[in-house]
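# Analysis of the macromolecular model
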Amino acid sequence: MDDAELQLVITAAAQAGAKQALKDIGLSDQDAYDDVKELRGLLDSWRATKATVGQTIARTITTALLTALAVGIYMGWGE
């Protein structure tokens, strides 16, 4: 078997393995492209949500600390 034949056998085995792997996870039908596209959209939304939640928590903590500081200063001046 020469290199060209070996490459053909390897390519055929890789393609068969890839098709079987996609079939095993349920992505072998006509809707597979749409399913993957939808999953990517969900992942993008999840990442954006995580970033927004993190920013909101940081802003809330910062606002609470600044408010406590302002109340403390106001109470100190009232004496």
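Above this note sits the structure.
In short, a report on the structure. All residue numbers refer to positions counted from 1 along the written sequence of the respective chain. Given that this is a predicted model, residues contribute local features only at a pLDDT of at least 70 and side-chain atom pairs are listed and counted only at 80 or more, while totals for whole chains, interfaces and linings are drawn from all residues. The basis for the side-chain values is all heavy atoms of the structure; hydrogens and waters are excluded.

### Focus: the overall build of the chain
The numbering of helices and of strands both runs from the N terminus, where a helix is a DSSP run of H or I of at least 4 residues and a strand a run of E of at least 2. When helices and strands are tallied, the chain shows 2 helices and 0 strands. Here the C-alpha radius of gyration of the chain, 29 Å, is well above what a compact globule of 79 residues would show, namely 12 Å. Taken along the three principal axes of its C-alpha coordinates, the chain extends 95 × 30 × 15 Å. Remark: exposure states derive from per-residue accessible area (1.4 Å probe, protein chains only) relative to the maximum for the residue type, with buried under 20%, exposed over 50%, and partly exposed in between. Within the chain, buried positions represent 1% of all 79 residues. Entry remark: accessible area of the chain is about 7,200 Å², with carbon and sulfur atoms responsible for 64%. Averaging the coordinates of the 7 positive side-chain charges in the chain and doing the same for the 11 negative ones gives two points 7 Å apart. It is over C-alpha atoms that the radius of gyration is taken, and the globule rule equals 2.2 Å times the number of residues to the power 0.38. To measure how exposed things are, a 1.4 Å probe is used in the Shrake-Rupley method; for residues, cover is taken only from the protein chains shown. Residues scored as charged are limited to Lys and Arg (positive) and Asp and Glu (negative), so that His and the chain ends carry no count. Taken as the charge location is NZ of Lys, CZ of Arg, CG of Asp or CD of Glu.

### Some details on the pattern of salt bridges
By salt bridge we mean one thing: a side-chain nitrogen of Lys or Arg within 4 Å of a carboxyl oxygen of Asp or Glu. Using the criterion set out here, one finds 1 salt bridge in the structure. Between Asp44 and Arg47 there is a salt bridge; the shortest N-O distance is 3.7 Å. Of this pair, Asp44 and Arg47 both sit in helix H2 (residues 32-77), 3 residues apart, which is roughly one turn of the helix.

### As for the environment of Ile57
As for its placement among the helices and strands, Ile57 is situated in helix H2. Look at Ile57 and you get partly exposed, because its relative accessible area is 48%. Put simply, Ile57 and Lys19 are 38 residues apart on the chain and 45 Å apart in space, counted from C-alpha to C-alpha.

### Brief notes about a nonpolar patch on the surface
On the surface, Met1, Leu6, Val9 and Ile10 cluster together to form a nonpolar patch covering roughly 410 Å² of accessible area. Within the element layout of this structure, Val9 appears in helix H1 (residues 3-24). Distance thresholds for patches are 9 Å for like charges and 5 Å for nonpolar side chains (Val, Leu, Ile, Met, Phe, Trp, Tyr), applied to residues having over 30% relative accessible area and no salt bridge.

### A look at a negative patch on the surface
Together, Asp29, Asp31, Asp34, Asp35 and Glu38 make up a negatively charged patch on the protein surface. Tracing the chain through its elements places Asp31 in the loop between H1 and H2.

### Quick word on H1
One fewer than the residue count of a helix, multiplied by 1.5 Å, yields its expected span. Under the 1.5 Å per step criterion, the end-to-end length of H1 is 31 Å for 22 residues, consistent within 8% with the ideal 32 Å. Count one or two residues on from H1 and you reach Gly26, which has phi positive near 85°.

### Focus: the environment of Asp24
By secondary structure assignment, the location of Asp24 is in helix H1. Considered as a pair, Asp24 and Gln55 are 31 residues apart in the sequence and their alpha carbons are 40 Å apart. We define a polar contact as two N or O atoms separated by no more than 3.5 Å, with the added condition that, inside protein, one atom must be a possible hydrogen donor and the other a possible acceptor, whereas residues neighbouring each other in sequence contribute only through side-chain atom pairs. Here Gln20 takes part through its side chain, which lies 2.7 Å from a polar atom of the side chain of Asp24.

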